[in-house]
Amino acid sequence: MNPIILELENKLKEEKLSMPGFVKERAGTREYLPDSLICVAGERVERIQILVQGTLEIMNSFSDGKEFVFASEESFTLLGDLEFFSRKMINASSVISKTKTAFVELDLETFTEWLKYERRFYDLIVYQMACKCYKGTMSQGSIKYKDSTYCVLRALLENSKETRDDMLVAECTHYELARMSGMSERTVNRVLRKLQKENVLSVGYRKILMNKKALHIYKILGNG
């Protein structure tokens with residue numbers, strides 16, 4: 001048997017559930033490398049994906065153009081469930097693989113049949129979905145109103161060390177800074193360009209130098 005499907009079966013056993021024979025016959029599997037884009041907000045949902053290995057990051061965009069990584073999900077979780085139950089089959093968020101990931105994939109018809117076939121499976125999916133919605137709502141509420149410049153500077157300061165000449169240095173790439181600040185690389189790049197123009201920092205290869213005196217205009221030093 002496919003090891004990915006076998007792992008899903010083991011996870012279901014923990015919930016005292018099993019995979020029906022007709023689901024096994026129709027199920028497919030898919031694997032993604034770290035940092036792969038799995039689905040894009042606005043695209044149509046064509047299938048349900050059940051994460052059985054690895055970690056995902058859920059990203060959303062707001063009307064002001066900012067993008068935030070607002071949730072991290074680990075197996076066992078589903079992609080496409082919110083859209084399925086809302087009957088709006090368009091991805092509400094973009095999802096990337098934080099680590100190597102593996103999914104069991106079901107077409108929408110098979111997923112529907114499974115929900116009808118096993119009430120306890122239906123209850124489990126609704127419970128998982130409710131937990132995910134709650135966590136996502138709490139996360140978005142806490143970060144939506146934080147200024148992107150503050151978030152980037154806070155991440156840099158938390159990962160920096162002092163040098164000579166009253167400077168701070170953070171050794172990281174733009175990608176790593178995006179993950180540390182919970183934002184997209186596009187937002188991070190925009191903020192860094194702005195701060196360079198203000199002579200608050202300079203960017204080198206895997207290194208960002210910050211001027212401590214200039215940072216005081218953002219009232220971030222010493223704020224905890």
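## Here we look at the overall build of the chain
A count of helical and extended segments in the chain gives 9 helices and 12 strands. The long-range fraction of contacts in the chain, counting pairs at least 24 apart against all pairs at least 6 apart in sequence, stands at 72%. By element, 50% of the accessible surface of the chain is carried by carbon and sulfur atoms, the whole surface being about 12,400 Å².

## Focus: the nonpolar core
Leu8, Ile50, Val104, Leu106, Phe111 and Trp114 are the most contacted members of the largest nonpolar core, which has 23 residues in total. For this core, the secondary structure elements donating two or more residues are α1 (3-14), β3 (47-53), β8 (101-107), α4 (108-117) and α5 (119-143). If one sorts the elements of this core by residue count, α1 sits on top with 4 residues. If sequence neighbours within four positions are ignored, Ile50 has contacts with Leu8, Phe76, Thr77, Leu78, Ala102, Phe103, Val104, Leu106 and Trp114.

## Observations regarding the confidence of the model for the chain
Averaged over the chain, the pLDDT score is 84; the fraction of residues at 70 or greater is 86%. Here residues 141-145 scores under 50 on pLDDT; set against residues more than four positions off or in separate chains, the count is 4 contacts.

## Regarding the sheet that holds strand β6 (residues 77-79)
In any sheet, the strands associate via hydrogen bonds between backbone groups, in a parallel or an antiparallel arrangement. Pairing in this open sheet of 4 strands is antiparallel, and the strands run β1-β8-β3-β6 from one edge to the other. Lying at the two open borders of the sheet, with one neighbouring strand each, are β1 (28-32) and β6. Each adjacent strand pair in this sheet contributes to an overall mean axis angle of 30°, direction not counted. The pairing of β3 with β6 spans 3 bridges and is classified as antiparallel. Within β6, the residue paired with Ile50 across the bridge is Leu78. Contacts from α1 reach β1, β3 and β8 within the one sheet, and its direction differs from that of β3 by about 80°.

## Topic: the pairing of strand β12 (residues 207-211)
In the case of a regular strand, side chains alternate between the two sheet surfaces. Only one face of β12 is buried: it carries Ile208 and Met210, and the other face, with Lys207, Leu209 and Asn211, is open. As defined by bridge partners, strand β11 (residues 201-204) adjoins β12 across 4 bridges and the pair is classed as antiparallel. Counted as the bridge partner of Ser202 is Leu209 from β12. Linking β11 to β12, which pair antiparallel, is a turn of 2 residues; within it Arg206 sits at a positive phi near 55°.

## Structural notes on the pattern of salt bridges
Scanning the model with the defined rule gives 9 salt bridges in all. Between Glu105 and Arg30 there is a salt bridge whose closest N-O contact spans 2.7 Å. Residue Glu105 is located in strand β8, and its partner Arg30 is located in strand β1; the two are separated by 75 residues in the primary sequence. Measuring nitrogen to oxygen at the nearest pair gives 3.1 Å for the salt bridge that ties Arg119 to Asp123. Placement of the pair is Arg119 and Asp123 together in helix α5, with a separation of 4 residues, close to one helical turn. Within this structure, Arg30, Arg47 and Glu105 form a network of salt bridges that share partners.

## Observations concerning unusual backbone geometry
In this structure, Asp35 takes a positive phi of about 70° despite not being glycine. When you line up the elements, Asp35 lands in the loop between β1 and β2 (37-39).

## A word on helix α6 (residues 148-158)
The element α6 is extensively covered by neighbouring structure, given that 9 of its 11 residues are classed as buried. Restricting attention to buried positions, one finds in α6 the residues Ser148, Thr149, Cys151, Val152, Leu153, Arg154, Ala155, Leu156 and Leu157.

## What to know about the sheet that holds strand β10 (residues 167-170)
Strand order in the open sheet formed by 4 strands is β9-β10-β12-β11, with antiparallel pairing between adjacent strands. The open sheet has two edge strands, β9 (160-162) and β11, and neither has a second partner. The average angle at which neighbouring strand axes cross in this sheet is 25°, direction not considered. Here β10 pairs with β12 via 4 bridges, running antiparallel. In the strand pairing of β12, Val169 is matched with Leu209.

Calculation rules
- Residues numbered from 1 in each chain as written.
- Predicted model: local features only at pLDDT ≥ 70, side-chain atom pairs only at ≥ 80, totals over all residues.
- Heavy atoms only, no water.
- Helix = DSSP H or I, 4+ residues; strand = E, 2+ residues; numbered from the N terminus.
- Contact = heavy atoms within 4.5 Å.
- Areas by Shrake-Rupley, 256 points an atom, 1.4 Å probe, with all protein chains shown as cover.
- Core = buried A, V, L, I, M, F, W, Y, C linked by side-chain atoms within 4.5 Å.
- Buried < 20%, exposed > 50% of the residue type's maximum accessible area, 1.4 Å probe, protein only.
- pLDDT = per-residue confidence, 0-100.
- Pairing = 2+ DSSP bridges.
- Axes fitted to C-alpha atoms, helices over the stretch in contact; angles between N-to-C directions.
- Salt bridge = Lys/Arg side-chain N within 4 Å of Asp/Glu carboxyl O.

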